[in-house]
Amino acid sequence: MTAAKRRAAATNSSSHNEQHQHHQHHQQQQADQSAYEHEYQQLLQQPQSPHATQQYHQRQQQHAPALQQQQQQQQQQTSASSSLRDCSVKLPLDILWLPKSAMRPVGADSSHTDCILVVGVSRPKLAVVFLTVMLISLFLTFHVLYDSAVYNIQAAQAVHERHRLSLAASTAAAAAAAHPNANHLPAFAKPASVGVNQPQLSHPMVFPSSRVHFSKTSRRLPQALIIGVRKCGTRALLEMLYLHPRIQKAGGEVHFFDRDENYLKGLDWYRKKMPHSFRGQITIEKSPSYFVSPEVPERVRAMNASIKLLLIVREPVTRAISDYTQLRSHAATAILPLADSSPPTPPAAAAGSGYGPSTAARTKLQSARGYDNALGSGAGGKETSQRTQRARRTVIGTTTTTAATPTTTLSAAQLAGKSFEELAIFPNGTVNEAYRPLSISMYHIHLHRWLEVFPREQLLVVNGDRLIEDPVSQLRRIEAFLGIEHRVKSEHFYFNETKGFYCLRYDNGDRCLRETKGRKHPHVDPVVVSKLRKFFAEYNQRFYELVGEDLGWPEE
Ligand SMILES: Nc1ncnc2c1ncn2[C@@H]1O[C@H](COP(=O)(O)OS(=O)(=O)O)[C@@H](OP(=O)(O)O)[C@H]1O
């Protein structure tokens, strides 16, 4: 045996001896105690023996120190265990296993139960906090998992879409190389040639660079505005631009800058009307009446002095006839339900437009019809219907002033019955310049106001007649103006023979503008058309000078 082992054995045996001695001592104490108690019981049974009593007291004195020591030890143990209990953490949940017999059987299956787990809450507040923290952690975990799943799906879609777009582009390039003479053809394929084989493009993706990046979206104030002109294709332009991945559009016409009741609500209100957009996307809103409302340019500049402005124009006489067609259509639908219930409005409401309702009433009526919302479901359907009711009430019996009939009260029925010729030309043969559809077509007057506030480079004039015939060429110009890559191509369109217009091609189907776009115009006397074109020739020249481009509108 080594010295170390011997030492260990010695230590072991000494500690063993100590334990043994302690045990013997304890046993001895217990034996003494029980003997003492036995003796005391006997003494109680024989109280008449003085000798026994004396012996008992002698023994009591002998055992007193040992008893005292034992009591002290017990006290120390009790205080030690109580101090331990104080330090231990007490869980709010008490878990108790009970035998089956502790519970009354509940159903047939209960016979299979051997034990029942009873969980009681001893500290409800702590338990609530504990559970809340658990739930929040669970929610955050799922949120992170969900976000990353969405991210992955979108990233996969983006890569797929880019692949398809590049395939489509290379197919188009190959076709162009195979048929070099086809260059003179319109940029748009008609339905027959667009064909079913043409790749169907979804809404373009949002990632212009090869690096797919998903930033958070937020509602942003518009960085570009389509300011007008009404009936020149503002809706078509917005919907076509929306094919571009970098464009986001406000659904309906917000009329923030031209309606005081909206403008007074402030920019936060306006921002809330905007769609969510990614950083790098351009938000566009269109309200055609911005162009003709004198207070608007200054208000727009106050919001964003570097905003980009899109102005779409059309040959002025055709535009005026289109405007008339729409107003007549609205008046026709306005007369029936409220014809006999609306009080006449005072003559002061007259706008001298020579048309019928005052400017305000007409504006309300026009917007009430939602004709500017041709495609968009747009926000504010309820608001629109309320405006419809107001407008209907206002339009009836509105007093108007014309040179031929100085104070004429036109009902909606009369309004609906008047021809364009009657409204545009006075009986003496002169042009009614105050007739609103004509005054709106005097583009140079309105544009002048805008150019007093914004530099020319911030405004792009879009040719609405060309947009109807060849959207891609106009869109290419707009893409360059907005500083975004050329992405809207001919495969995004097809020509709808029934409608007579190009419609939009989406991944999930094709889409044309509503029937309120492209209404059949009434026949207008060619003499009147010629007279009006001559009338506008001078104004058009002024407009060309302002924009620095001759749009080639006919002069008779
Ligand atoms: N692709 C396509 N589909 C349908 N309509 C088209 C399209 N492109 C341009 N347009 C012309 O848009 C004219 C309506 O102009 P707006 O949208 O500016 O009207 S509104 O002021 O918002 O009411 C509308 O005028 P009208 O034809 O007089 O109804 C159309 O000629």
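Residues numbered from 1 in each chain as written. Predicted model: local features only at pLDDT ≥ 70, side-chain atom pairs only at ≥ 80, totals over all residues. Heavy atoms only, no water.

**Description of the packing of aromatic side chains**
Going by this rule: Pairing of aromatic rings covers Phe, Tyr and the six-membered ring of Trp, with a centre-to-centre limit of 6.5 Å; geometry is then stacked below 30 degrees between planes, edge-to-face above 60, and tilted otherwise. Helix numbering and strand numbering both begin at the N terminus, where a helix is a DSSP run of H or I of at least 4 residues and a strand a DSSP run of E of at least 2. In this scheme, a residue with accessible area under 20% of its type's maximum is buried, one over 50% is exposed, and one in between is partly exposed, where area comes from a 1.4 Å probe on protein chains only.
Per the counting criterion, the structure on display carries 18 aromatic pairs. On the numbers, 5.2 Å between centres and 85° between planes, the contact of F535 with Y539 is edge-to-face. With a gap of four residues between them, F535 and Y539 both fall in helix α18 (residues 526-547), about one helical turn apart. Classification of F535 as buried rests on a relative accessible area of 18%. Of the aromatic side chains, those joined through ring pairs into one cluster are F256, F257, Y263, W269, Y270 and Y290.

**A short note on the pairing of strand β4 (residues 224-228)**
Threshold: Strand pairing is defined by DSSP finding a minimum of two bridges between the two strands.
Summarising burial for β4: five of the five residues are buried, a large majority. Here three bridges tie β4 to strand β7 (residues 282-286), and the two strands are oriented parallel to one another. Considered in β7, the bridge of A224 is made with I284. With four bridges connecting them, β4 and strand β8 (residues 308-313) associate as parallel partners. Residue pairing across strands places I226 opposite L310, the latter belonging to β8.

**Quick word on the nonpolar core**
Under the convention used in this document: Each nonpolar core is a collection of buried residues, namely Ala, Val, Leu, Ile, Met, Phe, Trp, Tyr and Cys, held together in the definition by side-chain atoms within 4.5 Å.
Ranked by size, the top nonpolar core spans 64 residues in total, and within it Y270, L311, W450 and F543 carry the most contacts. Core analysis: the next-biggest nonpolar cluster, separate from the first, contains 19 residues, I425, V524, V528 and F535 among them.

**Some thoughts on the sheet that holds strand β11 (residues 459-463)**
Put simply, the rule reads: Axis definition: a line fitted to C-alpha atoms, limited for helices to the stretch in contact. Angles are taken between N-to-C directions and run from 0 to 180 degrees. The contact criterion used is simple: two residues touch if any of their non-hydrogen atoms lie within 4.5 Å.
The strand order across the open sheet built from five strands is β5-β7-β4-β8-β11, with neighbouring strands paired in parallel fashion. Every interior strand has two partners, whereas the edge strands, β5 (247-249) and β11, have only one. Neighbour to neighbour, the strand axes of the sheet diverge by 25° on average, direction disregarded. Here helix α5 (residues 234-241) sits on the sheet and contacts β4, β5, β7, β8 and β11; the angle it forms with β7, its principal contact strand, is near 165°. Its contacts with the sheet put helix α17 (residues 471-482) on β4, β5, β7, β8 and β11, and the angle it makes with β11 is roughly 175°.

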